[in-house]
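Remarks on the overall topology
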Amino acid sequence: MSTGSGAASAPAPDPHDTLPAPGPPARKNSMFSSLRIRNYRLFFIGQVVSNIGTWMQRIAQDWLVLSLTGSSAAVGITTALQFLPMLLFGLYGGVLVDRLRKRPTLLVTQVAMALTALALAVLTLTGRVEVWHIYVAAFALGLATVVDNPARQSFVSELVGPGQLQNAVSLNSANFQSARLVGPAVAGLLITGVGTGWAFLLNGLSFIAPLTGLLMMRARELHAVERAPRGKGQLREGLRYVTGRPELIWPIVLVGFIGTFAFNFPVYLSAFADDVFHGGAGVYSMFNTLMAVGSVSGALLAARRGTARLRLLILAALAFGGLEILASASPRLWMFALLMIPLGLFSMTVNVTTNTSIQMSTDPAVRGRVMALYMMVFLGGSPVGAPIVGWITDTYGARVGFAAGGAVAMTAAAVIGLILARAGGLRLSVGWHRGTPRLRFVPRERQEALAPVA
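Reading the values: rules and limits
Residue positions are given per chain, counting from 1 as you read along its sequence in written order. In keeping with the model being predicted, local features are shown solely for residues with a pLDDT of at least 70 and side-chain atom pairs are shown and tallied solely at 80 or more, while totals for entire chains, interfaces and linings include all residues. Where side-chain values are given, they derive from all heavy atoms of the structure, hydrogens and water being excluded. UniProt positions are given in the numbering used here, feature names are shortened, and annotations may be inferred rather than shown by experiment. Secondary structure elements follow DSSP: runs of H or I no shorter than four residues count as helices, runs of E no shorter than two count as strands, and numbering proceeds from the N terminus. When accessible area is computed with a 1.4 Å probe and restricted to protein chains, residues below 20% of their type maximum are described as buried, those above 50% as exposed, and intermediate ones as partly exposed. Contact criterion: two residues are considered in contact whenever any of their non-hydrogen atoms come within 4.5 Å of each other. Values of accessible area rely on a 1.4 Å probe in the Shrake-Rupley scheme; residue burial ignores everything except the protein chains shown. To define axes, lines are fitted to C-alpha atoms, for helices over the stretch in contact only, and angles between the resulting N-to-C directions are given on a 0 to 180 degree scale. Roughly parallel refers to an angle under 35 degrees, roughly antiparallel to one over 145, roughly perpendicular to one between 65 and 115, and oblique to any angle outside these ranges. Less than a right angle of anticlockwise turn of the near helix away from the far helix marks a crossing as left-handed, whereas a clockwise turn marks it as right-handed. Only Asp, Glu, Lys and Arg are considered charged in this grouping, and only Ala, Val, Leu, Ile, Met, Phe, Trp, Tyr, Cys and Pro are considered nonpolar; every other residue, Gly among them, is considered polar. Whenever two N or O atoms come within 3.5 Å, that pair is a polar contact, provided that in protein one can donate a hydrogen and the other can accept it, and provided that, for residues adjacent in sequence, both atoms are side-chain atoms. In this scheme Phe, Tyr and Trp rings, the latter by its six-membered ring, pair at centre separations within 6.5 Å, and the angle between planes marks the pair as stacked below 30 degrees, edge-to-face above 60, and tilted otherwise. Here, over-ring charges are defined by two tests on the NZ atom of lysine or the CZ atom of arginine: distance to the ring centre within 6 Å, and angle to the ring normal within 35 degrees. Here pLDDT means the predictor's own confidence in every residue, given as a number from 0 to 100. Residues with no salt bridge and a relative accessible area higher than 30% make up the patches, which join like charges within 9 Å and nonpolar side chains (Val, Leu, Ile, Met, Phe, Trp, Tyr) within 5 Å. Take a side-chain nitrogen of Lys or Arg and a carboxyl oxygen of Asp or Glu: if they are within 4 Å of each other, that pair is a salt bridge.

As recorded by an unreviewed UniProt entry, the protein chain carries the name MFS transporter and is attributed to Streptomyces edwardsiae. Turning to the protein chain, the UniProt annotation filed under Subcellular location (unreviewed entry) states: "Cell membrane".

Turning our attention to the overall build of the protein chain. Looking only at helices and strands, one finds 16 helices and 2 strands in the protein chain. Across the 454 residues in the protein chain, those meeting the buried criterion constitute 49%. Across the protein chain, contacts joining residues at least 24 apart in sequence account for 83% of those joining residues at least 6 apart. Carbon and sulfur atoms provide 67% of the accessible area of the protein chain, an area that totals close to 20100 Å².

Moving on, we get to the packing of helix H12 (residues 310-328) against helix H13 (residues 333-360). In the contact formed by H12 and H13, the axes pass within 9 Å of each other and the chain directions differ by 155 degrees. The angle between H12 and H13 falls in the class roughly antiparallel. As H12 runs across H13, the sense of the crossing is left-handed. Of the residues in H13, those in contact with Leu310, Leu312, Leu313, Ala316, Ala317, Ala319, Phe320, Leu323, Glu324, Leu326 and Ala327 of H12 are Phe336, Leu339, Met340, Pro342, Leu343, Phe346, Ser347, Thr349, Val350, Thr353, Thr354 and Ser357. Residues that form the contact of H12 with H13 fall into these classes: 17 nonpolar, 5 polar and 1 charged.

To continue, consider the side chain of aspartate 148. Along the chain, aspartate 148 turns up in helix H4 (residues 131-160). Residue aspartate 148 is classed as buried on the basis of its relative accessible area, which comes to 1%. Among the polar contacts made by the side chain of aspartate 148, one reaches the side chain of glutamine 110 at a distance of 2.9 Å. Setting aside residues no more than four positions away along its own chain, aspartate 148 makes contact with Leu106, Thr109, Gln110 and Met113.

Put simply, helix H8 (residues 234-243) and helix H9 (residues 246-261) touch, their axes get as near as 6 Å, and they point 95 degrees apart. Judged on the interaxial angle alone, H9 and H8 are roughly perpendicular. Taking contact as the criterion, the partners of Tyr241, Val242 and Thr243 in H8 are, on H9, Leu248, Ile249 and Ile252. Residues that form the contact of H8 with H9 fall into these classes: 5 nonpolar, 1 polar and no charged.

Below, the discussion takes up the packing of aromatic side chains. Enumeration according to the criterion identifies 17 aromatic pairs in this entry. Between phenylalanine 336 and phenylalanine 402 the ring centres are 6.0 Å apart and the planes differ by 50 degrees, which places this aromatic pair in the tilted class. With phenylalanine 336 in helix H13 and phenylalanine 402 in helix H15 (residues 398-423), the pair connects residues that are 66 residues apart, well separated along the chain. Given the relative accessible area of 0%, phenylalanine 336 is considered buried. The class of phenylalanine 402 is buried, set by a relative accessible area of 0%. It is arginine 58 that lies over the ring of tryptophan 55; its NZ or CZ is 4.7 Å from the centre.

Across the protein chain, the average pLDDT comes to 81, with 83% of residues at or above 70. Mean pLDDT per element in the protein chain: helix H16 (residues 444-450) is the minimum at 50, and helix H7 (residues 208-216) is the maximum at 96. Scored below 50 in pLDDT, residues 1-27 makes 60 contacts in the model with residues more than four places away or belonging to other chains. Note that residues 446-454 has pLDDT below 50 and, in this model, 6 contacts with residues that lie over four places away or in other chains.

This part takes up a nonpolar patch on the surface. Taken together, Leu84, Leu87, Leu88, Phe89, Tyr92, Leu143 and Val384 make up a surface patch of nonpolar side chains, about 620 Å² in accessible area. A total of 5 residues in the nonpolar patch trace back to one element, the largest contributor, which is helix H2 (residues 72-99). With respect to the element layout, phenylalanine 89 can be found in helix H2. Residue phenylalanine 89 is classed as partly exposed on the basis of its relative accessible area of 37%.

On to the side chain of serine 34, then. With respect to the helices and strands, the residue serine 34 is situated in the segment before helix H1 (38-69). For serine 34, the side chain forms a polar contact with the side chain of asparagine 167, separated by 2.6 Å. Excluding anything up to four places from it in sequence, serine 34 contacts Tyr40, Val160, Gln164, Asn167, Ala168 and Leu171.

In this model, histidine 278 sits at a positive phi of 50 degrees, which is unusual for a non-glycine residue. Looking at histidine 278, the relative accessible area reads 64%, which means it is exposed.

Structurally, alanine 273 is set in helix H10 (residues 265-276). Taking the C-alpha atoms as reference points, alanine 273 and serine 285, 12 residues apart in sequence, are found 9.0 Å from one another.

In structure tokens, the structure reads:
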């Protein structure tokens, strides 16, 4: 990978695209092309095992808190404690990641996360666990995530290089969503069969897979990147870098709106399952499973694309918001359930396209800080927005709450799409094509050339 300036490697605007392109045109990749790279293959296999363990622990942790306290609020506190470190220290984690070598950093964070899970396993299996132990473990896991998330996100580019970055990011997302189908099911069997402690134990042991993969990688085959030297003002430098580049700041703002108001699926789907369709936990589980199927499909489709254009991000966000509004009006359970599949597909398209376009447009020397900001906005939005959308849903009903989230997503996508189009020197062209109205963005020079002469 080039260690030069991100600006120097940025492509010229594509006049046929509706928005500025964040990366150079690439040949069409096969769906699993990045797996041909040995280092990435080791990374991917390790994540397959670890992600299943992570989903197992999520389910077991919430169930253990609920069984100890009988309080849903206590479950919410556990989730908040896990996300709090990212909100407080996420940007500082990005500064640290830019200074450090990614592989040794990941070895440390993965060991820390494994020890957290194993400590919970010991406490639970010996019958000594108390709810405050789980709170401490959730906060400790969140602290490790502050460094682990941006390090893992930016390490992918060192594994595969720019040519395979979108494919690798997409496969990572498919990996995580596939584990979402397996992990909770395994956790349910363990909880009912032998207890929650065994789920924690297996999650702790699952970290052996990524740690082995990291140790087996060939350092000479990594794509070298320039590390930021230690110095003052690096956090402000990273923020200035993002705010000075429209192709970075506006996708992050868009994800912030969507993550805060439209991605709160636990609130929306549980309300529909219970209050609208009166189906209980089984229906709620079905909604999540169908959405995970759509998410895996979206990630695999993204893996086939050779580029991640901002035009696709805006269109996917518009479709995502529109599907939420459509689903909110569904009169039948089966209609609502079927809409979960395309909803998951477009939500994953938004996620993968944003992630890839940001990485492709960022100078490697500040990528850790930029990805930390992105993850802080993306992961931190849901806990901030949950009380708001929960109040709307409780006060006005699940249908109004879901539709409001979709309306926010569509409005944010439309406004930010116009801002990015203007930043890319594009204008809206209104015309007719084969007897039907046609709206599209064209370069300003072309718009002026097509304008009638007075």
